[in-house]
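# Examining the three-dimensional arrangement
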Amino acid sequence: MIRPILCIVLLAAVLLTTGCWDRTEINDLAFDMGTAFDLTEKGELQASIQIALPQQAGMTGGNNQKDKFFVLTASGKNHIELQKQLQKKLSRQLFTSHRGVIFISERLARRGLDDVLDVFTHDPHNRLRTYIMVVKDQDAKNIVQVRYPFEEGPSEAVRAAESMGGQLSVTLRDFFIAASSEGASPVTAVIQPEIPDGNIEREMFRFTGAAVFKGLKLAGFLNEKETDGLLWLTGRMGHSRITAALPEGYGNVGMVLIGAQRKITFIGGGSKVKFNVRLTGEGDLFENNTSLDVSKMQNLRIAQKALEREVEKQVRDCLFKIQKQYQSDVAGFGGVLYRSQPRKWKQIKNKWDKVFPEAEITVTVKLNLRDTGVAGPPLQLKKREIVN
Amino acid sequence: MDVKTGKDRGKVPFEEEDHGELVPDLAYNETALKSIFRGCSDVIFRSIRLGGETRWIVVYISSLVDKKMLDEHILSPLIKRRTNPNENVSGSIEALDDLFVSIGEIMLASKISDLVRYVLNGYAVVLAAGNRRAMAVSVSGKAQRSLEEPTSEPVIRGPKDGFIENNSTNIGLIRSRLKTSRLKIETFTVGDLTQTEVALTYIEGVADASLVEEVRKRISEIRIDGVLDSNNIEEFIEDTAFSPFPQVQSTERPDVVAAGLLGGNIAILVDSTPFALLLPMTFWAGMQASEDYYIRWPIATFVRWIRLIFLVIAIFAPALYVAGTTFHQEMIPTSLLLSIAGSREPVPFPALIEALLMEIIFEALREAGIRLPKQIGQAISIVGALVIGQAAVQAGIISAPVVIIVSITGIASFTIPRYSFANGIRLLRFPMLFLAGTLGLYGIALGFLGILLHVCTLRSFGVPYFAPVAPLSLRHIKDVVLRVPVWNKTSRPPAAESEEQGTR
């Protein structure tokens with residue numbers, strides 16, 4: 001009878017008296033929601049962290065205008081130093097596991113991310129699911145200070161918007177995979193703060209295309225149309241909307257894409273390598289600003305051709321930029337070659353930077369318009385205005 | 001396994017004294033009985049005289065006999081005989097037998113101690129002059145309540161009668177459900193002072209004969225002064241006393257007992273309590289309500305799954321909350337974490353203390369609700385809900401998520417249908433809470449393993465407690481995670497495995 005009790009008491013003592021207890025209450029933590037990295041004039045790293053201020057639910061009464069976050073800034077040689085500097089300004093322990101987004105300023109990205117990224121793989125408190133984005137033109141610090149009306153703060157808003165899809169969203173994991181694979185280069189999304197005339201009430205941000213890296217250095221940007229092309233090329237198109245103008249000023253049509261696929265095939269070639277990109281997609285016609293009666297098959301074809309041409313143009317524009325201007329294989333053509341002909345890849349691997357800009361890439365697009373919505377021609381048109 | 005006997009308690013068991021035999025002298029017998037019943041004002045000695053001398057004495061306890069029966073079937077025939085002197089008055093006790101033909105149960109006894117026992121059990125004892133034997137006539141009419149719906153196990157659909165505090169009525173309720181001569185009822189008398197009737201009930205050929213023998217042995221070895229509820233019996237015969245899980249199922253419902261008997265279980269009915277015992281019991285029996293078999297099977301299956309989910313919640317929810325908020329903040333979705341952090345902002349206690357405090361208060365409320373008279377019980381629940389649900393949160397002493405977790409846990413523990421089983425489950429969350437508060441998820445995993453290990457090693461009268469899941473028996477598992485239609489249920493539960501392989 002006495003032995004089990006003794007056992008329980010001793011076990012309880014083991015549990016309760018050990019010194020190394022890593023228990024931390026939630027209200028002893030400072031949650032880093034998003035971090036912005038800048039390059040200072042002295043060439044040091046500068047980190048601006050956005051720390052969430054937990055809102056007390058149900059405690060209404062005038063303090064709705066309370067800030068949802070505050071920003072701390074520190075600079076240093078590397079992350080450890082940054083962390084130390086930041087912790088000195090905090091009464092609570094900095095907790096990075098809930099960081100949703102990492103913002104990199106354009107200046108820092110152009111200098112190269114070699115000494116910025118390592119900590120995100122070494123420190124277990126960091127998540128590889130964190131989004132990474134480049135802030136164009138401005139300091140990255142500005143973006144974490146945007147007072148965005150939705151969500152807990154701008155970082156959370158960016159995270160939510162990114163995961164919504166339909167645009168380029170790159171996590172640390174994607175970035176590392178692209179950076180470390182054979183014959184591919186990383187891209188990231190691009191964000192810009194929009195503060196119209198310093199009006200703090202209307203602070204917003206905007207996604208403005210993609211940042212193309214060469215190695216770990218920023219090579220340049222793609223605009224929004226070209227980014228759509230990039231999404232097609234990288235097979236991340238998924239759900240999206242495409243609009244196209246019909247030739248001869250007929251008007252324009254728009255479709256909602258639901259299944260998009262891409263297939264890159266290596267065709268061969270001697271000194272010049274040849275690829276074919278085949279893009280297919282399915283979807284419904286949702287907008288018809290022409291006088292065509294799209295319930296007729298031949299008219300639907302016209303709309304379809306126009307849309308296909310538009311997609312092809314986007315992809316070609318994108319290809320031109322990444323091939324000729326930035327010379328960075330962000331769509332992973334090298335990877336395709338590596339997988340289909342590993343021997344050939346071995347030969348040209350080291351001069352791929354030279355070979356890729358000269359590669360001949362053909363694009364074929366096949367869109368399938370399955371449905372036209374509920375109306376054939378626009379309903380507001382009179383009968384004689386409709387083109388059959 | 002050894003059963004605790006009276007000697008273990010360091011006490012000499014109380015034995016009924018031997019008072020010797022009756023003698024032909026009626027006056028002597030009367031004195032003997034009166035000296036035994038001295039100070040017992042409820043024992044009545046009714047002398048009936050004939051021709052100037054006392055011929056018969058009727059001894060009974062007024063509160064235990066049915067007065068109407070006593071008047072009609074004993075006193076009036078005796079008195080009629082007195083007023084009708086033409087009849088041949090025979091003094092022999094056998095002649096009385098002819099008088100009391102309208103009575104069902106009649107015994108003859110010559111030992112005074114036997115007579116005392118009869119009187120105490122509600123018989124009327126008739127002593128006749130010149131006889132060495134007396135007659136005990138069953139006219140017992142104890143005060144008893146009428147059959148009511150069981151309060152501890154209510155059902156929406158299904159039989160609504162429940163056991164009462166009278167064993168013969170209870171046995172009748174079972175017998176009326178199982179009209180077979182194979183239903184055996186063996187009675188024992190347990191309790192030196194209470195002399196409580198304990199009935200061992202089983203269906204011959206369905207229940208395991210060796211199990212019946214074992215239970216018989218364990219019951220007859222019980223030495224105790226008084227048996228006031230079947231739990232007194234339960235604690236004597238169960239295998240493992242140090243377990244939160246009951247190894248004997250107790251029920252107030254005759255249909256549950258009948259179903260158990262059909263499934264090869266053994267029932268023990270104890271006089272003066274409406275709670276019968278069913279054994280062996282398994283973990284899964286604790287999770288099943290009798291109504292599972294009275295509603296359509298898809299619904300019953302769904303309800304069983306709900307119970308399983310809430311069983312897990314009842315044990316682990318507060319522990320998971322504490323582990324998550326004090327050790328594994330990275331595992332909580334960001335927006336949820338921020339709202340928890342927001343409500344924890346003013347709270348002065350660590351999450352473990354907070355959860356512990358609320359759990360204990362909840363238990364106190366539950367206990368208060370049971371013990372108090374029904375009218376005040378209402379007030380308790382209102383005060384509890386208001387004070388703890390509203391005021392404590394608004395005052396910033398307790399955070400709202402903890403209140404939510406504790407209420408969900410409370411509701412979850414009430415979904416477990418067997419009361420004694422639910423109590424065991426309710427107890428388990430406290431060690432889990434401590435483990436979670438000291439070791440986090442690792443502690444919860446350890447605790448879970450510990451519970452699993454205990455449940456898997458536990459045995460109830462030779463049947464593994466976790467059967468048929470561990471050891472796995474695919475044939476029987478149909479009735480655990482599912483409730484297959486009755487026509488599909490072709491095998492008896494594991495308790496009856498060794499005997500005939502009957503259907504249903």
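As the structure is a computational prediction, the values presented were derived from the model and not from experiment. (Residues numbered from 1 in each chain as written. Chains lettered and ligands numbered in written order. Predicted model: local features only at pLDDT ≥ 70, side-chain atom pairs only at ≥ 80, totals over all residues.)

## Structural notes on the overall build of chain A
Summing up its helical and strand segments, chain A has twelve helices and 13 strands in all. Burial statistics for chain A: of 388 residues in total, 39% are counted as buried. (Helix = DSSP H or I, 4+ residues; strand = E, 2+ residues; numbered from the N terminus. Buried ≥ 20, exposed ≤ 12 C-beta atoms within 10 Å, placed from the backbone.)

## Overview of the confidence of the model for chain B
Residue and element names in this part refer to chain B. Scored by pLDDT, chain B has a mean of 84; 91% of the residues are at 70 or more. Taken element by element, the predicted model of chain B shows its lowest mean pLDDT in helix α3 (residues 93–99) (71) and its highest in strand β9 (residues 266–270) (94). Across residues 1–15 the pLDDT falls below 50, and counting only partners more than four positions away or on other chains, this stretch makes 18 contacts in the model. For residues 498–504, every residue scores under 50 in pLDDT, and the model assigns this stretch ten contacts once sequence neighbours within four places are set aside. With pTM at 0.83, the complex prediction returns an ipTM value of 0.80. (pLDDT = per-residue confidence, 0-100. Contact = placed C-beta atoms within 7 Å.)

## Here we look at helix α5 (residues 167–175) of chain B
Listed as buried for α5 of chain B are Asn 167, Asn 170, Ile 171, Leu 173 and Ile 174 of chain B. Summarising the axial view, the buried residues of α5 of chain B lie within an arc of 155 degrees, below the 170-degree limit, and thus occupy one face. (Arc of directions from axis to C-beta.)

## With respect to the interface of chain B and chain A
In this complex, chain B contributes 21 residues to the contact, which on the side of chain A involves 22 residues. Considering every element that reaches the side of chain B that touches chain A, the biggest residue donor is helix α10 (residues 334–344) of chain B, with ten residues. Of the residues assigned to the side of chain B that touches chain A, the class counts are nine nonpolar, nine polar and three charged. (Nonpolar A, V, L, I, M, F, W, Y, C, P; charged D, E, K, R; others polar.)

## Observations concerning the domain arrangement of chain A
When the parts come together, some accessible area is lost, and that loss is often what is quoted as the size of the interface. Residue and element names in this part refer to chain A. According to the domain assignment, chain A contains domain 1 (26–55 + 66–222) and domain 2 (223–388). The centre of domain 1, based on its C-alpha atoms, is set 31 Å off from the matching centre of domain 2. Contact residues are listed per partner, giving 18 residues for domain 1 and 25 residues for domain 2. Only β8 (204–214) and β9 (217–222) provide two or more residues apiece to the side of domain 1 that touches domain 2. The biggest single contributor to the side of domain 1 that touches domain 2 is β8, with six residues. Among the residues making up the side of domain 1 that touches domain 2, the classes are represented as eight nonpolar, eight polar and two charged. (Domains from an automatic or database assignment.)

## Brief notes about the sheet that holds strand β10 (residues 240–245) of chain A
Whether parallel or antiparallel, the strands of a sheet pair through hydrogen bonds between backbone atoms. Residue and element names in this part refer to chain A. On the basis of which strands lie adjacent, the open sheet formed by four strands has the order β10-β11-β12-β13 and mixed pairing. The strands lining the two open edges of the sheet, one partner per strand, are β10 and β13 (360–371). Strand after strand, the sheet turns through a mean of 40 degrees between neighbouring axes, direction not considered. Summarising the sheet, strand β11 (residues 252–268) and strand β12 (residues 274–289) pair through 15 bridges and their orientation is antiparallel. For Ala 260, the partnering residue across the bridge sits in β12 and is Gly 281. Sitting on the sheet, helix α9 (residues 297–325) touches β10, β11, β12 and β13, and the angle it makes with β13 is about 145 degrees. The sheet contacts of helix α10 (residues 333–340) involve β11 and β12, and relative to β11 the element is tilted by about 45 degrees. (Pairing = 2+ DSSP bridges. Axes fitted to C-alpha atoms, helices over the stretch in contact; angles between N-to-C directions.)

## Concerning helix α14 (residues 419–439) of chain B
The first and last C-alpha atoms of α14 of chain B sit 31 Å apart over 21 residues, in line with the 30 Å expected at 1.5 Å per residue. Looking one or two places after α14 of chain B, you find Gly 440 of chain B, whose phi comes out positive at around 70 degrees. (Expected span 1.5 Å × (residues − 1).)

## Observations regarding the domain arrangement of chain B
What the domain assignment reports for chain B is domain 1 (6–138), domain 2 (167–281) and domain 3 (295–464). The straight-line distance from the C-alpha centre of domain 1 of chain B to that of domain 3 of chain B is 60 Å.

## Here we look at the nonpolar core
Grouped together as the largest cluster of nonpolar side chains are 97 residues, with contacts concentrated most on Phe 103, Ile 104, Met 133 and Leu 230 of chain A. The element best represented in this core is α9 of chain A, accounting for nine residues. Beyond its immediate sequence surroundings of up to four residues, Phe 103 of chain A is in contact with Gly 34, Ala 36, Phe 37, Met 133, Val 135, Ala 140, Ile 143, Val 144 and Ile 191 of chain A. Formed by 81 residues, the second largest nonpolar core is a distinct cluster that contains Val 227, Phe 275, Ile 444 and Ala 467 of chain B. (Core = buried A, V, L, I, M, F, W, Y, C linked by C-beta atoms within 7 Å.)

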